[in-house]
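These are the residues of each chain, in order.
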Number of protein chains: 6
Amino acid sequence: MPYINIKVTNEGVTPEQKAELVAGATNLVQQVLDKDPSTIFVIIDEVDTDNWGIAGRLVTERRKAYG
Amino acid sequence: MPYINIKVTNEGVTPEQKAELVAGATNLVQQVLDKDPSTIFVIIDEVDTDNWGIAGRLVTERRKAYG
Amino acid sequence: MPYINIKVTNEGVTPEQKAELVAGATNLVQQVLDKDPSTIFVIIDEVDTDNWGIAGRLVTERRKAYG
Amino acid sequence: MPYINIKVTNEGVTPEQKAELVAGATNLVQQVLDKDPSTIFVIIDEVDTDNWGIAGRLVTERRKAYG
Amino acid sequence: MPYINIKVTNEGVTPEQKAELVAGATNLVQQVLDKDPSTIFVIIDEVDTDNWGIAGRLVTERRKAYG
Amino acid sequence: MPYINIKVTNEGVTPEQKAELVAGATNLVQQVLDKDPSTIFVIIDEVDTDNWGIAGRLVTERRKAYG
């Protein structure tokens, strides 16, 4: 029954990477907590760099500053 | 003041269905908990089938496998 | 596969009311979106009135002011 | 390490406004809780007015009714 | 109608600090986005240091390591 | 910068298991997306079985029915 939410910036995550995240997170929770994998949900949120801030600045601006 | 979040896969939910979800969820919380409906919020998140996993696989892949 | 999260203030919600919320929300999503109920999740978060603000004030303070 | 999530309707929030929200929220948590700003995250979710309900109705409908 | 969620570690946040966070976050969104403050919600989640990880380790362990 | 939230029922998850979840989730995102682990956050929410429903029933009731 576990529910896992992964938020990352929207910078070209491929369907293959998403499939790896889902498989890996499901396997992790199954292994550590002995949960039935058939009821494990994973939702991936891809967040625009204009909508994510860290240390007081948008990621968009940080990318420009640090390359 | 209650807040309700409904996450579903992004597969053609119509504005009419969204209106029904909002009305129904608001009514449910109002009835069960005797809350003022004017302060009940509902947010619906439509999640791409490439971003939702269950049982270790993306919903996109499950749809292909099970039709 | 839908996921529903209901946040309410922590003011004596009974297990019977929680069961009604879960049954009602599950039924709503099943009816409106024609989803298999066996994969519908509901999580209820009970939030302390010291941790919920509206209109710039804690609910705890609003309760004192308005009774 | 704090994490702040701001959900608003998707009605033309500019990058400048997003930058102000991120700077302001980061500064607020830093000032009130004396946290290191370098580890403060802010995520802004812009929600379609068809996906946000209040008082039992979609915001889209409320906008039409109240102008 | 904005909704703001602030997650911090559960390390002695006082009701006065919570009131400042609620007032400050409400004021910020009101100023930047010109929103009616009466419909702005803030929820503060206090998370145990055993339930928050950063850089692969629980905050509880980091606190022991770095003092 | 990724943020991972894991919700599980509150049924005796140990600090060791929590540390494994944090380490494993951080490692997964680092491996799959090539992210700097120092900015990966994990928050674990333990949800009471009275507050989690599946298939229209509280987990508490399901546990009684299915043992």
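Residues numbered from 1 in each chain as written. Chains lettered and ligands numbered in written order. Predicted model: local features only at pLDDT ≥ 70, side-chain atom pairs only at ≥ 80, totals over all residues. Heavy atoms only, no water.

In the annotation of an unreviewed UniProt entry, chain A is listed under the name Tautomerase and assigned to Saccharobesus litoralis. As its UniProt record puts it under Sequence similarities (unreviewed entry), chain A is described as follows: "Belongs to the 4-oxalocrotonate tautomerase family." (UniProt positions renumbered as here; feature names shortened; annotations may be inferred.)

Another point: the pattern of salt bridges. A side chain with one charge can pair with a side chain of the opposite charge if their charged atoms come near. Enumeration over the complete set of coordinates arrives at 30 salt bridges over all chains. One salt bridge in this structure joins Lys35(E) and Glu11(D), with 4.0 Å as the shortest N-O distance. One end of the pair, Lys35(E), is in the loop between helix 1 (15-33) and strand 2 (41-47); the other, Glu11(D), is in the loop between strand 1 (3-9) and helix 1 (15-33), on a second chain. Residue classification places Glu11(D) among the partly exposed positions, given a relative accessible area of 38%. (Salt bridge = Lys/Arg side-chain N within 4 Å of Asp/Glu carboxyl O. Helix = DSSP H or I, 4+ residues; strand = E, 2+ residues; numbered from the N terminus. Buried < 20%, exposed > 50% of the residue type's maximum accessible area, 1.4 Å probe, protein only.)

A word on the relation of the copies chain D and chain B. Here the second copy of the chain follows from the first by a rotation about an axis and a shift along it. Superposing chain D onto chain B takes a rotation of 120 degrees combined with a translation of 0.0 Å along the rotation axis, leaving an RMSD of 0.0 Å. Expressed as a symmetry operation, the mapping of one chain copy onto the other fits a three-fold axis. Proximity to the rotation axis, assessed at the C-alpha, singles out Asp45(D) in chain D; its C-alpha lies 6.0 Å from the axis. (Least-squares fit on C-alpha atoms with pLDDT ≥ 70 in both.)

The next subject is the interface of chain D and chain E. Tallying the contact residues gives 25 residues for chain D and 25 residues for chain E. Approximately 2100 Å² of surface area, both sides summed, lies buried where chain D meets chain E, with 75% of it carried by carbon and sulfur atoms. Between chain D and chain E we count 2 salt bridges in total. Put simply, chain D and chain E have 7 residue pairs in polar contact (both at pLDDT 80 or more) between them. Mapped by element, the contributors of at least two residues to the side of chain D that touches chain E are strand 1, helix 1, strand 3 (52-54) and helix 2 (59-66) of chain D. It is helix 1 of chain D that contributes the most residues to the side of chain D that touches chain E, 9 residues altogether. Taken together, the residues of the side of chain D that touches chain E sort by class into 16 nonpolar, 4 polar and 5 charged. Relative to strand 1 (residues 3-9) of chain E, strand 1 of chain D runs antiparallel, the two sharing 5 bridges. From the neighbouring strand, Ile6(D) faces strand 1 of chain E, where its bridge partner is Ile4(E). (Contact = heavy atoms within 4.5 Å. Buried area = accessible area lost by both parts, 1.4 Å probe. Polar contact = N/O pair within 3.5 Å; in protein donor to acceptor, adjacent residues only side chain to side chain. Nonpolar A, V, L, I, M, F, W, Y, C, P; charged D, E, K, R; others polar. Pairing = 2+ DSSP bridges.)

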